[in-house]
Amino acid sequence: MNNHLKPKILLHICCAPCSASSVKVLKDLYDITFYWYNPNIWDFNEYEKRKDAAIKYAKELKVTFYEEKSFDYNYNNWKEQSLETCKLCYSLRLEKTILFAKLNNFDFFSTSLLSSPYQKHDLIKQTAENLSSKYLVNFLYADFRNFFYEGKNFLKQKGYYTQKYCACHKSYKERFKSE
Ligand code: SF4
């Protein structure tokens, strides 16, 4: 990608398949950096699989991949804090994202969560807008859902890992009807 003089955007990515449609919309207009912060993913093996796919995609695109280093994966801690609601889950991840964007002088922040038709799109948008007002970092809103299946299938055909549930233990149980 030729990123000369493009505005810098920090794109929180929840997984490679969702980031594909975001990249399709943003790549010609913005200098993209991937930001990985997803402590909601259960279990650790799944966490690693999604992260590895995201790293692989970043390498393919030649975009910088930043993994949040202040975070040690400890799903049980996260679970015990009763953060297993989508509103808190979005806030947790997007607040960390915007703080990193502010500290590192990004022009915008956004999230690949806006790609999935399975997510609470309006709640994500509202959460990001509230954080933008609070921390004074521009939020780039776009409805990436239009390219979700195209992006997901594109990566699937290339052998990328694609998950079958949102991320948390609750969503896993709901998807597979297990304990
Ligand atoms: S369903 Fe998805 S968005 Fe909602 S709390 Fe679980 S991991 Fe987070």
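Up top is the structure.
Thresholds applied
- Here, residues in each chain are numbered from 1, in the same order as that chain's written sequence.
- Only residues with pLDDT of at least 70 get local features here, since the model is predicted, and only at 80 or more are side-chain atom pairs given and counted; chain-wide, interface and lining totals rely on the full set of residues.
- Note: side-chain values were computed over all heavy atoms of the structure, leaving out hydrogens and water.
- Every case where a carboxyl oxygen of Asp or Glu lies within 4 Å of a side-chain nitrogen of Lys or Arg is listed as a salt bridge.
- With a 1.4 Å probe rolled over the protein chains alone, any residue whose accessible area is under 20% of its type maximum counts as buried; one over 50% counts as exposed, and the rest are partly exposed.
- The secondary structure listing takes helices from DSSP runs of H or I that are at least 4 residues long and strands from runs of E that are at least 2 residues long, numbered from the N terminus.
- The directions considered for the arc are those from the helix axis to the C-beta atoms.
- Should any heavy atoms of two residues lie within 4.5 Å, those residues are considered in contact.
- Throughout this document, a residue counts as near a molecule or strand when at least one of its heavy atoms sits within 4 Å of that molecule or strand.
- When residue character is reported, Ala, Val, Leu, Ile, Met, Phe, Trp, Tyr, Cys and Pro are called nonpolar, Asp, Glu, Lys and Arg charged, and the others, Gly included, polar.
- Under the rule applied, a polar contact is a pair of N or O atoms within 3.5 Å (in protein, one hydrogen donor and one hydrogen acceptor; residues adjacent in sequence only if both atoms are side-chain atoms).
- What is meant by a nonpolar core is a set of buried Ala, Val, Leu, Ile, Met, Phe, Trp, Tyr and Cys residues, joined one to another through side-chain atoms within 4.5 Å.

Chemist: Explain the pattern of salt bridges residue by residue, including any values.
Modeler: Between side chains of opposite charge, a pair can form as their charged atoms come close. Per the counting criterion, the structure on display carries 9 salt bridges. Of the charged contacts, one joins Asp143 and Arg145 as a salt bridge, the two residues approaching to 2.8 Å between their closest N and O atoms. The partly exposed category is assigned to Asp143, whose relative accessible area is 26%. Note on Arg145: relative accessible area 30%, which makes it partly exposed.

Chemist: Quick one: what's the story with helix α6 (residues 148–157), residue by residue and with numbers?
Modeler: It helps to recall that an α-helix has 3.6 residues per turn; residues three or four apart then point in one direction. Those residues of α6 that sit buried are Phe148, Gly151, Lys152 and Leu155. Seen from one end, α6 has its buried residues packed into an arc of 95°, which puts them on one side. Turning to α6, the residues buried within the fold contact α1 (16–26) and α2 (44–61).

Chemist: Now, about the site of the ligand: what can you tell me, with residues and values included?
Modeler: All residues in the neighbourhood of the ligand are listed as Asn40, Thr85, Cys86, Cys89, Tyr90, Arg93, Gln119, Cys166, Ala167, Cys168 and Ser171. Counting residues per element, the shell around the ligand draws most heavily on helix α4 (residues 86–103), which supplies 4 residues. Residues of the shell around the ligand, tallied by class, amount to 6 nonpolar, 4 polar and 1 charged.

Chemist: Could you give an account of the environment of Thr111, with specific residues and numbers?
Modeler: Position of Thr111 relative to the elements: it lies in strand β4 (residues 108–111). With 28 residues separating them along the chain, Thr111 and Phe139 place their C-alpha atoms 9.3 Å apart. Beyond its immediate sequence surroundings of up to four residues, Thr111 is in contact with Leu11, His12, Leu94, Ile124 and Phe144. At 2.9 Å, the side chain of Thr111 forms a polar contact with the side chain of His12.

Chemist: Talk me through the nonpolar core; I want residue IDs and the actual numbers.
Modeler: Leu26, Ile32, Phe34 and Tyr57 are the most contacted members of the largest nonpolar core, which has 48 residues in total. Elements with a contribution of two residues or more to this core: β1 (8–12), α1, β2 (31–36), α2, α4, β4, α5 (121–135) and α6. Broken down by element, the residue count for this core peaks at 6 residues, all from α2. In contact with Phe34, other than residues within four places in its own chain, are Leu11, Ile13, Ser19, Val23, Ala54, Tyr57, Ala58, Leu61, Val63, Thr64, Phe65 and Tyr66.

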